Structure formats: C-alpha cells, structure tokens
Amino acid sequence: MKKHLHDLTIKGFHEGLLNKEFSAFEIAEGYFDWIAEKDKEVGAYLSLQKDEALKSASEVDVKVASGVEVDVLAGVPLAVKDVVLIEDAPASAGSKILEKYSASYDATVIKKLKEAQAVFLGKTNLDEFAMGSSTENSGYRLVHNPYDLLRVPGGSSGGSAAAVAANMALAALGTDTGGSIRQPAAFCGVVGLKPTYGAVSRHGLIALASSLDQIGPFGKTAEDAAIVFSKIRGSDPFDSTSVEAEEDDLLKPDFERIKKLRVGIPKEYFAGGLSPEVEKGMAEAERRLRSLKLEFEEISLPHTKYALSVYYIILPAEASANLARFDGIRYSRIVSEKEVKSLRDIYFKDRGAGFGAEPRRRILLGTFVLSAGYYDAYYAKAQKVRRLILRDFDEAFKKVDVIFAPTTPTSAFKIGEKTEDPLSMYLSDIFTIPANLAGVPAVSIPVKKYSLADKELPIGLQLIGRHFREADILGLGQYYERL
Ligand code: GLN
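Within an unreviewed UniProt entry, the label attached to the protein reads Glutamyl-tRNA(Gln) amidotransferase subunit A, and the organism entered is Candidatus Jorgensenbacteria bacterium GW2011_GWB1_50_10.

If you want it as structure tokens, here you go:
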C-alpha cells in the first residue's frame, strides 16, 4: 500500500478508485498506518479523525461499487490546518487557550469538500493562531521538515505542508495571511496557493487578520492545488467578502494561452538578500521558463520595501481585535472553577495561561497602534502605504500578466535558529507579504522535482497573478511542471 500513497496524485487516485485498483477505505487505512509510523518524527498532526475518515471512505466505496458517478475529490484523503472548523473535531489554532474546544459547525470550505465526499484524516499543527514562519510557535509541539528533521517546515501552516511532503495526506488546507501557505510549501517542496482575497469563504476560519486571511490548498502538483481550489472557491452568504468564481480554464488549462503570458521580474525582489541556493534555484526556474519561450520583462514594485512594516502594523491591529473573543467565557475555559473568583479573574487567568509569547507580543503591538494618539501616526498611515503597494501591482499588471519571484529569501532554516530574534523570523516573509497586502493570488511551486531520499533542500518559485486570475498562475505552474 505504501507504494500507492507515495505515487498518488488526485487524478491518479480517482482513476485507481474507478478502476478498482484499490478502495477508498484501503487508501485511508494506508494513510493512517503510515501516519502512525512517520508522524512520530515529523509532528504534522495535532489530532486524527480516524473513525469518521474510515466511515466516509466506505461510503465512497459503496457509491463507486453501485456505479454512481463520484466527484474527483471523493475519497481523497486531506489534512486540515487546525484553524479551520470541522464539526465535532478539535480546533485548537495551535493554542493552549483552545485546548478544550471542539467546533460546533463545519467551515464553508469543509462543507463544500464534504459534498464532494473528500475524507478528512486530521487537523494539522501550526504556529499559535497562525502567527509565525516556522511552526515553532505551536503551543503543542514542533514540526520537523521531512527533508531534514533538524530544520523547520516553515509556517504557520507547517503541519499541512509537512503532511503532504511526507505523504501523510494527498492534499491539505492551510491559511495564508502573510505567507503561511507559500512559505512552508517552498520549504517542504510542495505546491501552495494563496487565493485572491475574496476567492474563498472564511466562514468557519479562526481569524487572524481579517483584511488579509485566505484559505488555500497544498498539493503535490499545481494540478492538485487547482482541483482543491476549484472546489472551495466561490461566494458564500456567511462571508460578505467572498465573491462568485468566474468561468475560466482553471481545470483544463489552455497551454496555447498560457504560453503567451508575459512574465514580469520585479527588480526589487532580486536586489540582493537572496541566499546562494535561492539565487541558483531562481536562475534555474528562469532558464526553464525561457526554454518554454515565455517572454520576460523587468518590472518595478517600488513600495515593496515598506511591505513588512505595513504588515506588522495592520496585522497586530486586526489580530488584537480578533483575539479579544477568547476570554475564558466563550469557546472554552482552561483554568478550573477553583482558581477563579470573579469574571475579571476568569479573563485574566484564562488569557494569561492560554496565550503564548507571540500572540501576547502582537496583542500588545496591535493595542498600541490602535490607541488614541497613535492610531493616525501608525495605523492610518499604514493603510495609506498599503494602498501604494496595491497600486504598484496594478501598474505592473498593465505590462505583464504574471510576476515571477522567489517565495522566500532562504531555504528551510534550522530549528531554533531564529526563535530568539523575532525580526529575523519576520524577514522570512518579505516576498510573500506584498501579495496579501494587495489581495492578489500567488502560488509557490517547487523549482524542480525534489525527492525526500536525496535530502536536497527544496526552493520555491512564486508566481503572482492579477486578482481572481488563479487560472493564470496555476496554469503556468502546470506548464512549468510538464518540463
Ligand atoms: N509568518 C507571518 C506572520 O507571522 C505570516 C502568518 C500567516 O500567513 N498566517 O504573521
């Protein structure tokens, strides 16, 4: 069975299922066996939903046996970042404050995937409340990069990326507020898509920063990411920022069209600061794309240098508001009745015991930049600069269709390397944050096919597209992968 798991893609799984090469049940069981063995060293999962998963896999098998047509995602084993709610499953957000909480309803993305009869293996580890770039901020345990167990998988969706990379799930869901899908995808050698702001409903997502958050897929290939994305996108009455998907060639890329896309290289992203291995990887990616006869043009995104500063004002501001709801009264409580004498006591003790260092830092920062007197100096100004960053992209997309950039300045760093220095940690998102601030879609694609056996550390190539043009970046990704 192990052989199947390691070779599967979503379409391969679907064909095998229809041709009766295996059952959905067998595959799900195979995944759980492999997780039991492998996840001891990786640490990708926080909880498993084995009974429910095997039950839904058998339901798919019954349907297939009776000749009823099933969705391409039917029976597909997925991992879900522990900030997305699945009814009756734990949803800790990687935080001790939600240790005892389980969800009372399904997120819209889960509802859609359940309709397609996807199988949910479990909930994946992450940086607490999705704050971080290494998954070292998890309130529970470390995640190890499957390519080198002494290195981080990236973050904050480190568990989802590592699960797909180590074949402990066929695909996964993550969230990306400043790079949390693309950066771990790059570190773990998988594909990760941050959709356009508004493309996917966030109903049932534990919010970090609501003007930036998006849910998106991880897959082994750009095609797998496109399949999952096509299922979860679209408008939802429960999320007023969500927009209906337009007809496009997402699922059947028109490579004749893709070949003619003009590719922009932003000079600010290549102006030094890339590690030698990333520089080499990017040169290789560029050579490959040029061999496909794609046209390149240098562009400028002049306000890139302000993106990190803007993000670390807007994100903490929104996060401090979003995290106010965790007060020991709603959701769940971690301090016992005996320890509290008053309501104030509950607030203080529960939040005191529940939040780790990074949420505290950001609650403090956010409360500060929103306070009277500082609001105009920091928050209002950051919003104006955010506008300029968006304008940079608007200008660039008058000239080109897709932007070509590194996903990260370095490959996966060592566990512990940056934990003492938050600023150096924040810098690992320097190339991913601008797309969140502008709301444009971006995908990270492995520069080449990496194998866990040869231990070479993966490098991610980032393709950024126009609003709602995921079909361009995923199509180009698939074209690139065909090499
Ligand atoms: N690493 C970034 C941060 O710490 C991004 C987080 C995210 O995208 N959820 O905020």
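Any details on the site of the ligand? Residues and values, ideally.
Around the ligand sit 15 residues in total, of which Thr177, Gly178, Ser180, Tyr311 and Asp429 are the nearest. Contact distances for the ligand include 2.8 Å between an oxygen atom and a side-chain N or O atom of Arg362. Contact between the ligand and Asp429: a nitrogen atom at 2.7 Å from a side-chain N or O atom of the residue. When the ligand is considered free in solution it has 290 Å² of accessible area, and contact with the protein chains removes 100% of it. Of the pockets mapped on this structure, the ligand occupies the largest cavity. Looking at the shell around the ligand residue by residue, the class counts come to five nonpolar, seven polar and three charged.

I'd like to hear about the layout of surface pockets, residue by residue, with values.
Approximately 600 Å³ is the volume attributed to the largest pocket. In terms of lining residues, the largest pocket is bounded by 26 residues, among which Gly189, Lys220, Thr221, Lys449 and Tyr450 are the most central. Going through the elements one at a time, helix H1 (2-7), helix H6 (158-165), strand S10 (442-446) and helix H17 (470-481) are the ones with two or more residues in the lining of the largest pocket. Classifying every residue of the lining of the largest pocket by side-chain character gives 14 nonpolar, six polar and six charged.

Tell me about the packing of aromatic side chains, and please be specific about residues and values.
Here the structure, examined in full by the defined rule, presents 17 aromatic pairs. These aromatic residues form a ring-pair network of at least three members: Tyr101, Phe129, Phe326, Tyr331 and Phe355. Sitting above the plane of the Phe413 ring, Lys418 keeps its charged end 4.9 Å from the centroid. Lying over the aromatic face of Phe255, Arg482 brings its terminal NZ or CZ to 4.1 Å of the ring centre.

For helix H4 (residues 50-65), give the residues involved together with the corresponding values.
Quick reminder: α-helices carry 3.6 residues per turn. Residues three or four places apart thus point the same way. Between its first and last C-alpha, H4 extends 22 Å over 16 residues, near the 22 Å set by a 1.5 Å rise per residue. Those residues of H4 that sit buried are Ala53, Leu54, Ala57, Val60, Asp61 and Val64. On an axial view of H4, the arc spanned by its buried residues comes to 115°, and they lie on one face. Looking at H4, the residues exposed on the side facing more than 90 degrees away from the buried face are Asp51, Glu52, Lys55 and Val62. Among the residues trailing H4, Gly67 stands out with phi positive, at a value near 80°.

Would you mind going over a nonpolar patch on the surface in detail, with residue names and values included?
On the surface, a cluster of nonpolar side chains totalling about 390 Å² of accessible area is made up of Ile329, Leu343, Tyr347 and Phe348. Inspection of the secondary structure puts Phe348 in helix H12 (residues 343-354). Relative accessible area serves as the criterion here: at 54%, Phe348 is assigned to the exposed category.

Provide a residue-level description of the pairing of strand S2 (residues 77-81), including the pertinent values.
Most of S2 sits inside the fold, with five of its five residues counted as buried. Residues Pro77, Ala79 and Lys81 line one face of S2 and the alternating positions Leu78 and Val80 line the opposite face, and both faces are buried. Remark: the S2/helix H5 (residues 108-115)/strand S3 (residues 119-124) crossover connection has right-handed handedness. Sheet analysis places S2 next to strand S4 (residues 171-176), joined by three bridges and oriented parallel.

The rules behind each value
- Residues numbered from 1 in each chain as written.
- Predicted model: local features only at pLDDT ≥ 70, side-chain atom pairs only at ≥ 80, totals over all residues.
- Heavy atoms only, no water.
- Near = heavy atom within 4 Å.
- Polar contact = N/O pair within 3.5 Å; in protein donor to acceptor, adjacent residues only side chain to side chain.
- Areas by Shrake-Rupley, 256 points an atom, 1.4 Å probe, with all protein chains shown as cover.
- 1 Å grid on protein atoms, 1.4 Å probe; cavity = no way out; pocket = protein on both sides within 12 Å on 5 of 7 lines; lining within 4 Å.
- Sits in = over half its atoms within 2 Å of the grid points.
- Nonpolar A, V, L, I, M, F, W, Y, C, P; charged D, E, K, R; others polar.
- Points joined across faces, edges and corners; volume = space filled by probe spheres on them.
- Helix = DSSP H or I, 4+ residues; strand = E, 2+ residues; numbered from the N terminus.
- Phe/Tyr/Trp six-rings, centres within 6.5 Å; stacked < 30°, edge-to-face > 60°.
- Lys NZ or Arg CZ within 6 Å of the ring centre and 35° of its normal.
- Expected span 1.5 Å × (residues − 1).
- Buried < 20%, exposed > 50% of the residue type's maximum accessible area, 1.4 Å probe, protein only.
- Arc of directions from axis to C-beta.
- Patch = residues over 30% accessible without salt bridge, like charges linked within 9 Å, V, L, I, M, F, W, Y side chains within 5 Å.
- Salt bridge = Lys/Arg side-chain N within 4 Å of Asp/Glu carboxyl O.
- Right-handed = clockwise from strand over helix to strand, strands pointing away.
- Pairing = 2+ DSSP bridges.

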